[in-house]
Amino acid sequence: MYQNQLLAARILDTTLDGHNLNDVLGRLAAGVDGPERAQLIDLTHGALRRYGSLRARLDRLLSRPLTEPLIDRLLIVALYQLEATRAAPYAVVDHAVRAAEKLSPRLKSLVNAVLRNAQRRKGELDAELTRDPVAFWNHPEWWIALVRQAWPRDWKKVLDAANQHPPMTLRVNRRQISADGYLHELADAGIEAESLGGDAVRLLRPVPVDRLPGFQSGRASVQDAGAQRAGSWLDVADGMRVLDACAAPGGKTGQLLECHTLDLVALDHDSERLRRVTQNLERLSLQATLATGDAGAPQGWWDGRPFDRILADVPCSASGVARRHPDIKWNRRSNDIRAFAATQRRIMDALWGLLAPGGKMLYATCSIFPGENREQIDAFLARHDDAGLEGDEQLLPDSDHDGFYYARIAKR
């Protein structure tokens, strides 16, 4: 266990330095698989979901801040194990001391003392942390304030949902099989699941994708039920020319092509991320035209032919998917929302000129903040006299789906 504690501490330290958790996991844990990888993902994701309370707890257990960051992160990981896992407390402490000996032998006694003190003072600390908003809700203060302002009735539910394990939801490839048919295949494979409507199927318990029937042949894909709403919101018909802007990793591209025969261009600014679109399309046996470029600067990639439909799945705070990517909560800053809004505005205005008269653009984010969503749409409509809003929808995270926003705009 102590090797995983040690690796989790390193991953946590790099992530909290402002790096993407999935990228860090891919880099530092490339050779870890099987049960060890599953445990490592739980340690890192779990510690970050609860980082507010773990940070506050550790600060109260230390007489002064630690000068060695990796020991600090190791203690966060071990406190998470004591608080939220079934690991035997004596084993957690013993392995943490062994891990500390690898990092800084002179601090192994401190690690032992802090963790044993954490167990003795648990009741006292629990009571204290209920009075600390960041510790209680496990979100930064500015994030809590924004959610309270945006959703005065539901803010507690929204914050609580962001601290839970996300559902594992599949999109069934209707070109190969119906959702009901795939539910039977899952049952035959011993995997419990239920329909969420349309092509969406939610597993009662997550499983590795290699256990899913026909996954490698494209029978199903992992995609949140909220993300799957994009397909119906875009209002696509066979034969249309469609742009999927900011397409990587290709979930919505695949969904559109599973449902319709389209002349589809999948665009992304990152060629490495665009490779994932290629891989997903190959697995699904589908085809699209892939283009590398900035959605906000079409002169670098557009061929001059207008699109009937544009999916503008723009960069955003990703506040609606924080339970899947818990590093977002701690690496975002309040002024990031303003920066994202500026990028969103630039992309929307640029893409609008590529849309054919009578065409429709679907603006999409995985955000729950109005400044990136309805406020952005209202400002766009005020700038463009030829734009009309056909409808919008804000999804807040719950047991069925993550948080998303959709707005469909028609070009008069």
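We now turn to the structure provided with this report. As the structure is a prediction and not an experimental result, all values here were calculated from the model. (Residues numbered from 1 in each chain as written. Predicted model: local features only at pLDDT ≥ 70, side-chain atom pairs only at ≥ 80, totals over all residues. Heavy atoms only, no water.)

1. Re unusual backbone geometry
Then, in step 1: A cis amide bond links alanine 248 with the next residue in sequence, proline 249, at an omega value of 5°.
Then, in step 2: Mapped onto the fold, proline 249 is located in the loop between strand E5 (241–245) and helix H14 (251–259).
Then, in step 3: Notably, aspartate 235 is not glycine yet its phi reads approximately 60°, a positive angle.
Then, in step 4: We classify aspartate 235 as partly exposed; its relative accessible area is 31%. (Helix = DSSP H or I, 4+ residues; strand = E, 2+ residues; numbered from the N terminus. Buried < 20%, exposed > 50% of the residue type's maximum accessible area, 1.4 Å probe, protein only.)

2. Section: the packing of aromatic side chains
Then, in step 1: In total, this model carries 9 aromatic pairs according to the counting rule given.
Then, in step 2: Measuring from ring centre to ring centre gives 6.3 Å for tryptophan 142 and phenylalanine 369, while their planes differ by 50°; the resulting arrangement is tilted. Within this pair, whereas tryptophan 142 is found in helix H10 (residues 141–150), its partner phenylalanine 369 is found in the loop between strand E9 (355–365) and helix H18 (374–383), the two being separated by 227 residues in sequence.
Then, in step 3: Aromatic ring contacts, followed pair by pair, group Phe136, Trp137 and Trp155 into a single cluster.
Then, in step 4: Cation over ring: arginine 148 sits above tryptophan 155, and NZ or CZ is 4.2 Å from the ring centre.
Then, in step 5: Positioned over the ring face of phenylalanine 215 is arginine 283, at 4.1 Å from the centre of the ring. (Phe/Tyr/Trp six-rings, centres within 6.5 Å; stacked < 30°, edge-to-face > 60°. Lys NZ or Arg CZ within 6 Å of the ring centre and 35° of its normal.)

3. Topic: the side chain of glutamine 255
Then, in step 1: With respect to the helices and strands, glutamine 255 occurs in helix H14.
Then, in step 2: On the accessibility criterion, glutamine 255 (6% relative accessible area) is buried.

4. Thoughts on the sheet that holds E5
Then, in step 1: With mixed pairing, 7 strands are arranged side by side in an open sheet as E7-E6-E5-E8-E9-E11-E10. The open sheet terminates on both sides in strands that have one partner only, identified here as strand E7 (289–292) and strand E10 (387–395). For this sheet the average axis-to-axis angle between neighbouring strands, irrespective of direction, equals 15°.
Then, in step 2: Where E5 lies against strand E8 (residues 307–313), 4 bridges are found, and the strand directions are parallel. Along E8, the bridge assignment pairs alanine 245 with alanine 312.
Then, in step 3: Relative to strand E6 (residues 263–268), H14 is tilted by about 175°, and along the sheet it contacts E5, E6, E8 and strand E11 (404–411). (Pairing = 2+ DSSP bridges. Axes fitted to C-alpha atoms, helices over the stretch in contact; angles between N-to-C directions. Contact = heavy atoms within 4.5 Å.)

5. Some points on the side chain of aspartate 244
Then, in step 1: By the secondary structure assignment, aspartate 244 is in strand E5.
Then, in step 2: For the buried aspartate 244, which has no salt bridge, the nearest side chain bearing the opposite charge is lysine 252, at an N-O separation of 7.3 Å.
Then, in step 3: Setting aside chain neighbours within four positions, we find aspartate 244 in contact with Lys252, Thr253, Leu264, Val265, Ala266, Leu267 and Leu311. (Lys, Arg positive; Asp, Glu negative; His and termini not counted. Salt bridge = Lys/Arg side-chain N within 4 Å of Asp/Glu carboxyl O.)

6. Regarding the pairing of E6
Then, in step 1: Of all 6 residues that make up E6, 5 are buried, and the element is covered over most of its length.
Then, in step 2: Relative to E6, E5 runs parallel, the two sharing 4 bridges. Note that in E6 the partner of valine 242 across the bridge is leucine 264.
Then, in step 3: Regarding topology, H14 serves as the crossover connection from E5 to the parallel E6, and that connection is right-handed.
Then, in step 4: Pairing of E6 with E7 involves 4 bridges; the strand directions are parallel. Note that in E7 the partner of alanine 266 across the bridge is leucine 290. (Right-handed = clockwise from strand over helix to strand, strands pointing away.)

7. With respect to helix H6 (residues 89–103)
Then, in step 1: The end-to-end C-alpha distance of H6, which contains 15 residues, comes to 21 Å, matching closely the 21 Å that a straight helix rising 1.5 Å per residue would cover.
Then, in step 2: Where the residues of H6 are buried, they touch helix H1 (2–15), helix H5 (69–84) and helix H7 (108–120). (Expected span 1.5 Å × (residues − 1).)

8. A short note on the sheet that holds strand E4 (residues 220–222)
Then, in step 1: Pairing in this open sheet of 4 strands is antiparallel, and the strands run E2-E3-E1-E4 from one edge to the other. Single-partner strands in this sheet number two, and they are strand E2 (193–197) and E4. Here the average twist between neighbouring strands, direction ignored, is 35°.
Then, in step 2: Bridge count for strand E1 (residues 168–172) against E4 is 3 bridges, and the pairing is antiparallel. Counterpart to arginine 171 in the pairing with E4 is serine 221.

9. A closer look at the nonpolar core
Then, in step 1: Ranked by internal contacts, the top residues of the largest apolar core, which has 46 residues, are Ile11, Leu75, Leu79, Val111 and Leu115.
Then, in step 2: When residues in this core are grouped by element, the largest group, 9 residues, is from H5.
Then, in step 3: If sequence neighbours within four positions are ignored, leucine 115 has contacts with Leu75, Ala78, Leu79, Leu82, Val93 and Ala96.
Then, in step 4: Judged by nonpolar contacts, the second largest core, of 43 residues, contains Trp142, Val236, Ala364 and Cys366. (Core = buried A, V, L, I, M, F, W, Y, C linked by side-chain atoms within 4.5 Å.)

10. A few points about the pattern of salt bridges
Then, in step 1: Per the counting criterion, the structure on display carries 38 salt bridges.
Then, in step 2: The salt bridge partner of aspartate 263 is arginine 241, with a shortest N-O separation of 3.5 Å. Placement of the pair is aspartate 263 in strand E6 and arginine 241 in strand E5, with a sequence separation of 22 residues.
Then, in step 3: Among the ionic pairs, aspartate 303 bridges to arginine 241, the shortest N-O distance being 2.9 Å.

11. Focus: the environment of leucine 6
Then, in step 1: Relative to the helices and strands, leucine 6 resides in helix H1.
Then, in step 2: Judged by its relative accessible area of 13%, leucine 6 falls in the buried class.
Then, in step 3: Ignoring sequence-local partners within four residues, the contact set of leucine 6 consists of Ala99, Lys102 and Leu103.

12. Let's talk about helix H12 (residues 179–188)
Then, in step 1: Listed in full, the buried residues belonging to H12 are Ala179, Gly181, Tyr182, Leu183 and Leu186.
Then, in step 2: In this structure, the buried residues of H12 make contact with E1, E2, strand E3 (200–203) and E4.
Then, in step 3: Just downstream of H12 lies glycine 190, where phi reads positive at about 80°.

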